[in-house]
Each structure stands twice: as structure tokens, then as C-alpha cells.
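Each chain, letter by letter, is given below.
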Amino acid sequence: MTAPAATTRWVRRFHPSPQAPLILACFPHAGGSASYFFPLSRALAPAYDVLGIQYPGRQDRRHEPCVDSMVELADQSADALRPCLDRPVVLFGHSLGATLAFEVALRLEESGTGPLGVIVSGRRAPSRQPREFVHRRDDDQVLAELRRLDGTATQVLGEDELLRSLLPAIRADYTAVETYRHRPGTALNCPLTAMTGEDDSLAPVDDVRAWQDHTTGPCAVHTFPGGHFYLTTQAAAVTRTLTETATAWLAGTTPATAPRGGPA
């Protein structure tokens, strides 16, 4: 597949902003899709050019084979993203997307097109071993986990048949993130900001703080009220933190704002 064709499949621009000085590339959670970031794109355009990464096996890519390897996801995402990088870029990922954003950033740095910085959300640091094995559970147990986290649209959660049709992609995502192992000795050279919900059992603050071990640049930790999908309930505060952080990096300075939930 040529790079432009790969980009067309992997990258979504909901509100194209070619004059924006900065690209924000967003990586969704397990079971998620690029459209999860539509509200963020709408809120930030045209000041930021927001890209959503669309994984195979969902929405308009539902007929493509799912990818259940973090290495393969990162390789293909990085290849698809490179042709878009005509301006500075910040990578932002939530949950599975946080790990993927980190791995994509490593690949971009290796090829000389590294990001200004990486913002990770709702995910333990790569050096912290996963404690969940959702991908080994039966279908009903996987669906129960989705309902527990409450990260899937309410109307989808209420449609059992629709939800079950998404299971192959959901299971592949969980397999990718739960079998992922960090390569010892690899670290970013750019700034990193880590965010989590105060009540997120999947990303406790101590495990999130360990992201500082995965960059040679400065690392900040921000906490917000809420659980794993605090992004939804704290949308305004999260958007503020994203923009203040990205704007500071673009200016070559350190973000001055304190974590929204107080010092972590």
C-alpha cells in the first residue's frame, strides 16, 4: 500500500484546518474509533488541525482484518501519519491509544520527524505490567467490561446485537494492549504529559507518574475528577490542558498550568 493510500485509510480530518500552526494527532481507546475525537476537533478548529487515527475493523474499515499487535499498529500508524506532518505535531492518546501514541512517537523520532511532545491519558506507564486479561474472557465478560468502563456510547451499549458485531475489533484491541511489552532502554526525547482520572482503577496515579521514566524530556502529571473515561465528564478542563500544553510546546516553553486535580 502506498503512503497516500495508507493515510487515507488511517487518518480522519473532521474539520480540516490547513492554516493551523499545529497538528494534534489523536489515538482512540480499545474498541474506539476516530470519531471519538469529533467533539475535540470541533472545539479546537481552526486553531489546531486535529487528526483522528482510524484503526482497522471498525466503522468505514469494518471489513478490514483487525490488528491485534501493538507493534503492527504502531508501524502502520506511523507510516500513515508521516505524509501528514507538514507542520509540528503533538500526539495524544487515551488508554490503548496512549501506549500507541508513545510507540508511534518513538518511530517518528527514529525517522527524524519526531513530535513536539506526547500527551497520554488513562494508561499506566509502559514499564508497568498489565494486570488485566480481558482478551481471554468470553464475549459476555468482554461486554460486561465495556459497560463497567462506560466508554462506549450509551445507545450502542443498549444494542446487544450491534455491540456483539464490534467484538472482533474490541477483542483485537485488548489483545494488542494486554500483550504489549515495552522495549527496555527505549525512551522519548520530547516532553511528555500524562493525564488520568482520580478514580481510574486501570491507571492509578502512581503507575501514571512512572511515565517520567520513558522520556528524557520534562514530564508532567495531571489528574481529573472521574474514572477511566473522565475525558467525557471533564471535557472542558481536558481541552484546556491539551491546548495550554501544546501551545507551550509550540512556543518552546514548559506549560505553566498546574494539574487540574491538584499536584500529583
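Residues numbered from 1 in each chain as written. Predicted model: local features only at pLDDT ≥ 70, side-chain atom pairs only at ≥ 80, totals over all residues. Heavy atoms only, no water.

## A short note on the overall build of the protein
A count of helical and extended segments in the protein gives 11 helices and 7 strands. Across the protein, contacts joining residues at least 24 apart in sequence account for 79% of those joining residues at least 6 apart. (Helix = DSSP H or I, 4+ residues; strand = E, 2+ residues; numbered from the N terminus. Contact = heavy atoms within 4.5 Å.)

## Some thoughts on the environment of Asp-138
Along the chain, the position of Asp-138 falls in the loop between β5 (117-121) and α5 (139-149). Residue classification places Asp-138 among the partly exposed residues on the basis of a relative accessible area of 43%. Sequence spacing of Asp-138 and Arg-171 is 33 residues, and the spatial spacing of their C-alpha atoms is 9.8 Å. (Buried < 20%, exposed > 50% of the residue type's maximum accessible area, 1.4 Å probe, protein only.)

## Observations concerning the packing of aromatic side chains
In total, this model carries 6 aromatic pairs according to the counting rule given. Note on Tyr-36 and Phe-229: the rings are 6.4 Å apart at their centroids and 70° apart in plane angle, and the pair reads as edge-to-face. Pair noted here: Tyr-36 is in the loop between β2 (23-27) and α2 (38-44) and Phe-229 is in the loop between β7 (219-224) and α10 (230-233), with a separation of 193 residues, a long-range link. By relative accessible area, which is 10% here, Phe-229 ends up buried. (Phe/Tyr/Trp six-rings, centres within 6.5 Å; stacked < 30°, edge-to-face > 60°.)

## Points about the side chain of Glu-64
Structurally, Glu-64 is set in the loop between β3 (49-53) and α3 (70-81). Of note is the side chain of Glu-64, whose polar atom sits 2.7 Å from the side chain of Arg-61. Glu-64 has contacts with Arg-9, Pro-56 and Gly-57, leaving out every residue within four places of it along the chain. (Polar contact = N/O pair within 3.5 Å; in protein donor to acceptor, adjacent residues only side chain to side chain.)

## Points about the pattern of salt bridges
Enumeration over the complete set of coordinates arrives at 13 salt bridges. Where Arg-13 meets Asp-49, a salt bridge forms, and the shortest distance between an N and an O atom there is 3.0 Å. Placement of the pair is Arg-13 in the loop between β1 (11-12) and β2 and Asp-49 in strand β3, with a sequence separation of 36 residues. The class for Arg-13 is partly exposed, based on a relative accessible area of 34%. One salt bridge in this structure joins Asp-49 and Arg-87, with 2.8 Å as the shortest N-O distance. Linking Asp-49 in strand β3 with Arg-87 in the loop between α3 and β4 (89-94), this pair joins segments that are 38 residues apart in sequence. Linked through salt bridges whose partners overlap, the residues forming this network are Arg-13, Asp-49, Asp-86 and Arg-87. (Salt bridge = Lys/Arg side-chain N within 4 Å of Asp/Glu carboxyl O.)

## With respect to the environment of Ala-74
One can find Ala-74 in helix α3. Ala-74 sits 25 residues away from Thr-99 along the chain, and the two C-alpha atoms are 9.2 Å apart. Ignoring any residue separated from it by four or fewer positions in sequence, one finds Ala-74 in contact with Leu-100, Glu-103, Val-104 and Arg-107.

## A look at unusual backbone geometry
Between Ala-45 and the following residue, Pro-46, the backbone shows a cis peptide bond with an omega angle of 0°. Structurally, Pro-46 can be placed in the loop between α2 and β3. At Gln-59, a residue that is not glycine, the phi angle is positive and equals roughly 45°. One non-glycine residue, Ser-95, adopts positive backbone phi at about 60°. With respect to the element layout, Ser-95 can be found in the loop between β4 and α4 (96-110).

## Considering the sheet that holds strand β6 (residues 192-197)
The 7 strands lie next to each other as β1-β3-β2-β4-β5-β6-β7, forming an open sheet whose pairing is mixed. Looking at strand neighbours, the two that pair on one side only are β1 and β7, the edges of this open sheet. Pairing of β5 with β6 involves 4 bridges; the strand directions are parallel. In the sheet register, Ser-121 faces β6, and the bridge partner there is Met-195. Along the sheet, α4 contacts β2, β4 and β5; its crossing angle with β4, the most-contacted strand, is approximately 150°. In the packing of helix α11 (residues 235-251) onto the sheet, contacts are made with β4, β5, β6 and β7, and the angle to β6 comes to roughly 175°. (Pairing = 2+ DSSP bridges. Axes fitted to C-alpha atoms, helices over the stretch in contact; angles between N-to-C directions.)

## Overview of α4
The terminal C-alpha atoms of α4, which comprises 15 residues, lie 22 Å apart, in line with the 21 Å expected from a rise of 1.5 Å per residue. Among the 15 residues in α4, 13 count as buried, and that is most of the element. Among the residues trailing α4, Gly-112 stands out with phi positive, at a value near 80°. (Expected span 1.5 Å × (residues − 1).)

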